[in-house]
Amino acid sequence: MTAPSAATPAGSGDQSAEARAQFVVIVAWIVYILVAMACVWVLLTELRTVVGFRAFAYGVFFAALPVPVLVVGLALVDRRRPPPTQLVLVVLVWGSCIATLLALKLNEFAVGHISPDLNRDLRGAIFVAPWVEEAAKASILFAIAWWQRRRIVTPLGGALYGAIAGVGFAFTENVVYYSGVFQETVMVKGDRSLALDAVRDLFWWRGVAAPFVHPVFTLVTGLGIGLALRQRNVGARILAPVAGYLGAVVLHTGYNTLAAYATDRQLSAVYVGILLPLLMAAIVVLALVRRHDRRVLAARLDDYVVTGWLRPWQADAIATGRGRRDVMRSAGQYGPFGRQHARAWLSSGVDLGAIRDRIVRGVASDEDLDTERALLDVVRGVLPEHRAAARPITQSADVATHIATS
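This one's a predicted model, so the numbers in the text were calculated from it and none came from an experiment.

Thresholds applied
- Residues numbered from 1 in each chain as written.
- Predicted model: local features only at pLDDT ≥ 70, side-chain atom pairs only at ≥ 80, totals over all residues.
- Heavy atoms only, no water.
- Helix = DSSP H or I, 4+ residues; strand = E, 2+ residues; numbered from the N terminus.
- Buried < 20%, exposed > 50% of the residue type's maximum accessible area, 1.4 Å probe, protein only.
- Lys, Arg positive; Asp, Glu negative; His and termini not counted.
- Salt bridge = Lys/Arg side-chain N within 4 Å of Asp/Glu carboxyl O.
- Contact = heavy atoms within 4.5 Å.
- Patch = residues over 30% accessible without salt bridge, like charges linked within 9 Å, V, L, I, M, F, W, Y side chains within 5 Å.
- Areas by Shrake-Rupley, 256 points an atom, 1.4 Å probe, with all protein chains shown as cover.
- Charge placed at Lys NZ, Arg CZ, Asp CG, Glu CD.
- Phe/Tyr/Trp six-rings, centres within 6.5 Å; stacked < 30°, edge-to-face > 60°.
- Lys NZ or Arg CZ within 6 Å of the ring centre and 35° of its normal.

Colleague: Report on the side chain of Arg324, specifying residues and quantitative values.
Modeller: Considering the arrangement of structural elements, one finds Arg324 in helix H12 (residues 321-332). The buried charged residue Arg324 lacks any salt bridge, with Asp78 as its nearest oppositely charged partner at 7.7 Å. When neighbours within four sequence positions are excluded, Arg324 is seen to be in contact with Arg79, Arg80, Ala317, Ile318, Leu346 and Val350.

Colleague: Outline a nonpolar patch on the surface, supporting the account with residue identities and numerical values.
Modeller: Together, Val25, Ile26, Trp29, Ile30, Ile33, Leu34 and Met37 make up an exposed nonpolar region whose accessible area comes to about 670 Å². On the secondary structure map, Ile30 appears in helix H1 (residues 12-51).

Colleague: Go over a positive patch on the surface with me, naming the residues and quoting the values.
Modeller: Where like charges cluster on the molecular surface, the positive patch consists of Arg79, Arg291, Arg294, Arg295 and Arg325. Among the elements that make up the positive patch, the one with the highest residue count is helix H10 (residues 264-306) (3 residues). Structurally, Arg295 is set in helix H10.

Colleague: Give me the packing of aromatic side chains: which residues, what numbers.
Modeller: A complete count under the given rule lists 9 aromatic pairs for this structure. Here the aromatic rings of Tyr58 and Phe182 are separated by 5.0 Å at their centres, their planes lie at 40°, and the arrangement is tilted. Note that Tyr58 is positioned in helix H2 (residues 53-64) and Phe182 in helix H6 (residues 155-189), a separation of 124 residues in sequence. On the basis of relative accessibility, which here comes to 2%, the residue Phe182 falls in the buried class. An aromatic cluster is defined as three or more aromatic residues linked by ring pairs; in this entry it consists of Phe61, Phe62, Tyr178, Phe203 and Trp204. The side chain of Lys137 reaches across the aromatic face of Phe169, ending 5.4 Å from its centre. Directly above the aromatic system of Tyr304 lies the positively charged group of Arg356, at a separation of 5.8 Å from the ring centroid.

Shown next, in the form of structure tokens:
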């Protein structure tokens, strides 16, 4: 029997595990893309057979108009840790394709099992759709929390991903509404210009006045999931997402009830008296959650300052708006390269604070502990490659000078 070769790399086991993890990620991406394409094909087939190509094209055009505005606006809410573009696309596609098709089929099934004494449309809109649609939209958030927990490190992150899923869902729902109105008007009045006017009228309500409705609903569920990930108590970890989901269902049910029973004249009063306050409440909640996350970040980075792992200027540069502006201003004179590394350094600091908060709360994993050490090296500039990358960021402003000389 021959002895094992001494030349076997010590890290071969780690490399093998990393290769397996990459393979799993690739397979997951392939499966997700195939499922999304299948859902798109089913939705397109069913919709185009009902409304025709012209009505469908108008529906897609008008439904797409508010999407970039909403997504960019949501991404800017958390400028310290903006959601990755890749994950934004995943959540958007889920909401617009997979969640929509799931909700459509489950709604059709469930409506048929409710008392026939009630109007079919009202049964679906009030008693079925809120439960089914909010579950379908939120399922991607639970998946992210389970497999990519580091992506939702704060309640604000969970709320933003939930709102983005709602944007995607509202897009496809609006395609159905706009194309349906166009086709119906053409069939009744035989005039495409009148049909286009009808679509514009509906767009002013769904696309301009109230494009935030679905995002606000799912935002509540996402906020509950984000809160749950910070809790050590099992009961709180269960109660928070359940409460968020139920809150989304209640809001959705109330909106559908108002939309079903309100007349055209009453809709204005509903909008001013209910929907606008709902939007204002969502904005206030996001502002309060963001301010709380900012304070938590500052406190957790201060832990490293107290123990000597970080210097006060480093924590200040990451946790405060003034400090971040100083870093980015200094980086700007070195062009895109400098700004890119400045953002990477700041993002590492935010991730470090979030992981420290998980450690303090007792919900950190072994992987979090390893990541903490790596992020500390990046923020402190311990590794030569990170020091070399950070040096162009740091030549003029006070914060930049500190980074350069640390």
